[in-house]
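A look at the structure
Okay, here's what each chain looks like letter by letter:
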Amino acid sequence: MNKKKKPFLGMPAPLGYVPGLGRGATGFTTRSDIGPARDANDPVDDRHAPPGKRTVGDQMKKSQAADDDDEDLNDTNYDEFNGYAGSLFSSGPYEKDDEEADAIYAALDKRMDERRKERREQREKEEIEKYRMERPKIQQQFSDLKRKLAEVTEEEWLSIPEVGDARNKRQRNPRYEKLTPVPDSFFAKHLQTGENHTSVDPRQTQFGGLNTPYPGGLNTPYPGGMTPGLMTPGTGELDMRKIGQARNTLMDMRLSQVSDSVSGQTVVDPKGYLTDLNSMIPTHGGDINDIKKARLLLKSVRETNPHHPPAWIASARLEEVTGKLQVARNLIMKGTEMCPKSEDVWLEAARLQPGDTAKAVVAQAVRHLPQSVRIYIRAAELETDIRAKKRVLRKALEHVPNSVRLWKAAVELEEPEDARIMLSRAVECCPTSVELWLALARLETYENARKVLNKARENIPTDRHIWITAAKLEEANGNTQMVEKIIDRAITSLRANGVEINREQWIQDAEECDKAGSVATCQAVMRAVIGIGIEEEDRKHTWMEDADSCVAHNALECARAIYAYALQVFPSKKSVWLRAAYFEKNHGTRESLEALLQRAVAHCPKAEVLWLMGAKSKWLAGDVPAARSILALAFQANPNSEEIWLAAVKLESENNEYERARRLLAKARSSAPTARVFMKSVKLEWVLGNIAAAQELCEEALKHYEDFPKLWMMKGQIEEQQELVEKAREAYSQGLKKCPHSTPLWLLLSRLEEKIGQLTRARAILEKSRLKNPKNPGLWLESVRLEYRAGLKNIASTLMAKALQECPNSGVLWSEAIFLEARPQRKTKSVDALKKCEHDPHVLLAVAKLFWSERKITKAREWFHRTVKIDSDLGDAWAFFYKFELQHGTEEQREEVRRRCEHAEPRHGELWCAASKDIANWQRKIGEILVLVAARIKNAF
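About the thresholds
Residues numbered from 1 in each chain as written. Predicted model: local features only at pLDDT ≥ 70, side-chain atom pairs only at ≥ 80, totals over all residues. Heavy atoms only, no water. Patch = residues over 30% accessible without salt bridge, like charges linked within 9 Å, V, L, I, M, F, W, Y side chains within 5 Å. Areas by Shrake-Rupley, 256 points an atom, 1.4 Å probe, with all protein chains shown as cover. Salt bridge = Lys/Arg side-chain N within 4 Å of Asp/Glu carboxyl O. Lys, Arg positive; Asp, Glu negative; His and termini not counted. Charge placed at Lys NZ, Arg CZ, Asp CG, Glu CD. Helix = DSSP H or I, 4+ residues; strand = E, 2+ residues; numbered from the N terminus. Phe/Tyr/Trp six-rings, centres within 6.5 Å; stacked < 30°, edge-to-face > 60°. Buried < 20%, exposed > 50% of the residue type's maximum accessible area, 1.4 Å probe, protein only. Lys NZ or Arg CZ within 6 Å of the ring centre and 35° of its normal. pLDDT = per-residue confidence, 0-100. Contact = heavy atoms within 4.5 Å. Expected span 1.5 Å × (residues − 1). Polar contact = N/O pair within 3.5 Å; in protein donor to acceptor, adjacent residues only side chain to side chain. Core = buried A, V, L, I, M, F, W, Y, C linked by side-chain atoms within 4.5 Å.

**Observations concerning a negative patch on the surface**
Together, Glu 118, Glu 121, Glu 124, Glu 126, Glu 127 and Glu 129 make up a negatively charged patch on the protein surface. If you trace the backbone, Glu 127 turns up in helix H3 (residues 96-134).

What follows is the structure in structure tokens.
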């Protein structure tokens, strides 16, 4: 054959080709190229070299030094301020004074750097933020789109088309090999084909059937058909019966392995083994090699130190988790032989053994360790019959009579009468156990219980629980006068026995007494320990904190006792009286509140708020004469108090005593004239329909208090009510000249212009107001709403963006911005709002309304609860909540919202004030206003 000529022969080499590079035969460097190898100690060639230069190493050092010394003193390397770049004196000696100078300069540099550090870091941070704002990352640009990915369903995700594929059809759609299991009948059919041949091939006898082309030999195309025992002798048929037998045998072996458990019951149902195959899987999660290593290590530990109990326990547990329960049992029993005095080994053996065997193991353990409490307890646990348990525990108590644990276990199984007898024996055996003494005292009669507790005190003079139980016992039997004495004696006795009085523990005990209904004991404990270990200047602050803590733990009697004690110590502290009054208002009865307020005003007659609370309590109870008498006493104590005058006027006007109210106001105007008194006078005449009198009073008031914006507002509103637009506009304009920073005045003027159709003028007024009052969210909000009401939604959105730039933390603006967005974008906007104003009630209310609009009822209710909890004074939140419950809640839920709203007495909110300040609703109660506002709300969000 002629070999083909290689195609690359005779052609020029490719660019960069190096012959032999592939097999490592490249160019190399020899010593002759780089010079002879010289040791540092070798002499140099110059025979007459001076000392210090006679070896190769010396010359190398000199040349390095010369390089170092050769500094660049060129003019280009010189700076007028810093000098040369290098050190001019580096070659000189470095002495101690040089080191000191360097340390001083370094400290100065560090100090200067620290002074500039904050400014520099702040500047760098601002530059980075500015850079991030100008050039946001792609990730930030698409953040809102990414948020929407959370809403994509699995079906939508799967229906997204794939990107184009450049591969051909065969590569794109490969045909997978289809593998089908071969049935037994197929083997049997082909095995039977051997029966047709009657003659024997001579090669078969010669080679033992190795080359037979037919099935049954080693070269058969259907391997596995000739497995021993599967073919009956003399025929070519597959014996299916034997396969079934083998399978059954294997399954029996597996079932017998897992059928036994610690309790001796079968873990796997043999009939339905497929349902419980998990029990056959070992529960360990480690690698099999790790188990082998652990087994080897533990074996080594057992062999080197066979009397070490943890080694046997660890070995048994290892076998247990790997599913070899019998091996584990054998190991632990071997352990009990090697360590017969180890309590843990015996307990482990009892745990691993099934039922009766475990009892036998425990019995053996008791013989070796007759004093072990844990083994006796385990023996009792193994018994199922109560009588057997009692027998075991009584036997145990014969051997270990001073074990509190055994006595407690034994007493728990007895009836009360038997328990009492056993406890009387128990306290003899264990006289230092407080629990046993207290348990006995509970079971005894009153007289005997007293004796028991006295004995307990003698035996254990350092435990406070015995004294507290004694006090509770006296209280339960009506001897409340003894309670205080017992607690005082307890403190004295414990101190005498060297016990430190831990204030926190005693307060905790008092709270427990309160919850158990022992009010006198709880109050006595509080009075005894409340002042212990507190500095004089910290007393008030600490006691108020303690009272709040008790209220939080629902221990109201403890809090009441703290307030009572604090008021004894600080009888003239108005703040303490106020807190006690609010506590009684929220948690006490009307009688307890009035009694407290009566004492309060006696001690603090100048505290107007206490007088007013007392009068209000009487008025709410329907006792108007008593309320009047309280206010009369308040007048005596505070002759010219504006608050008391106005409270008296409100009392009379609420009870339709208008003439009395007028007289009171006239008297107040003459004796204590204030802007609020005049305002209330105008308001009374206005609501009663005396417009002329109201206007006259308003003019008189404005002569004295022209800088009080509410008077200008009322003047304008009265004119507006009579449809005198020009006069109303003039009143508002004059008011704004005197009070340019009053937001409500600007809003009233702009709404007046909008109402008569002067949209351009309204817009100009709002722009002017924003110039005079920058960063005012209320004015920005009105501007946005003005454009929205005019139908200019684009301008409204632009204004909102500007407003949020100027007032980024305004919850009112964010809540409006959420509903300015289209429905799909509202969720994203609400997330941004919550980031900026996490605890703003307006934002929380907007989120609740958002969930409401999406019909997520449970979430909406949760957010409404959160809103009214954060700010209970926001009437709008209560109104929306009530409207929500009207549509989606039950009658109980509606009543609960209404009750909580009446208790909170909200005063603020745009919709709330529009209804509550309307003169038509001046006598309406809070519940009525709530219903009224809720009825006005439209579900248009």
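**Overview of the packing of aromatic side chains**
Taken as a whole and assessed by the stated rule, the structure comprises seven aromatic pairs. With centroids separated by 5.9 Å and ring planes inclined at 55 degrees, the aromatic side chains of Trp 543 and Phe 570 adopt a geometry described as tilted. Residue Trp 543 is located in helix H26 (residues 539-552), and its partner Phe 570 is located in the loop between helix H27 (556-569) and helix H28 (574-587); the two are separated by 27 residues in the primary sequence. The class of Trp 543 is buried, set by a relative accessible area of 1%. Summarising the aromatic geometry, the rings of Trp 852 and Phe 884 are spaced 5.5 Å apart at their centres and angled 85 degrees between planes, so their arrangement reads as edge-to-face. Residue Trp 852 is located in helix H44 (residues 841-853), and its partner Phe 884 is located in helix H46 (residues 875-888); the two are separated by 32 residues in the primary sequence. Both residues of the pair, Trp 852 and Phe 884, belong to the buried class. Feature note: the residues Trp 852, Phe 864, Phe 881 and Phe 884 constitute an aromatic cluster, connected by ring pairs. Across the ring face of Trp 863, the terminal group of Arg 866 is positioned such that the distance to the ring centre comes to 4.2 Å.

**Regarding the confidence of the model for the protein**
Interpretation of this model should avoid reading the predicted coordinates in detail wherever pLDDT is low. Predicted confidence across the protein gives a mean pLDDT of 75, with 70% of residues reaching 70 or more. A low-confidence stretch, residues 260-284 stays under pLDDT 50, and its non-local contacts, those more than four residues away or across chains, total 40 contacts.

**Section: H44**
With 13 residues, H44 extends 18 Å between its outermost C-alpha atoms, agreeing within 8% with the 18 Å of an ideal straight helix rising 1.5 Å per residue. Taken across its 13 residues, H44 has twelve buried, putting it largely inside the fold. Restricting attention to buried positions, one finds in H44 the residues Pro 841, Val 843, Leu 844, Leu 845, Ala 846, Val 847, Ala 848, Lys 849, Leu 850, Phe 851, Trp 852 and Ser 853. Two or three places before His 842, at the start of H44, stands the capping residue Asp 840, its side-chain oxygen 2.9 Å from that residue's backbone nitrogen. Just past H44, the residue Arg 855 takes up positive phi, approximately 65 degrees.

**Quick word on the nonpolar core**
Grouped together as the largest cluster of nonpolar side chains are 46 residues, with contacts concentrated most on Trp 506, Met 526, Val 529 and Trp 543. Where this core is concerned, the elements lending two or more residues are helix H22 (464-476), helix H23 (480-496), helix H24 (503-516), helix H25 (519-529), H26, H27, H28 and helix H29 (590-603). When residues of this core are assigned to their parent elements, the largest contribution, seven residues, is made by H27. Those residues in contact with Trp 506 that lie beyond four places of it in its chain are Arg 464, Ile 468, Ala 490, Ile 491, Leu 494, Ile 501, Val 525 and Val 529.

**So, the pattern of salt bridges**
Scanning the model with the defined rule gives 24 salt bridges in all. With a closest N to O distance of 3.1 Å, Glu 816 and Arg 785 form a salt bridge. With a gap of 31 residues between them, Glu 816 in helix H42 (residues 811-820) and Arg 785 in helix H40 (residues 777-789) connect regions that are remote in the sequence. One continuous salt-bridge network, built from bridges that share partners, spans Glu 726, Arg 729, Glu 753 and Arg 761.

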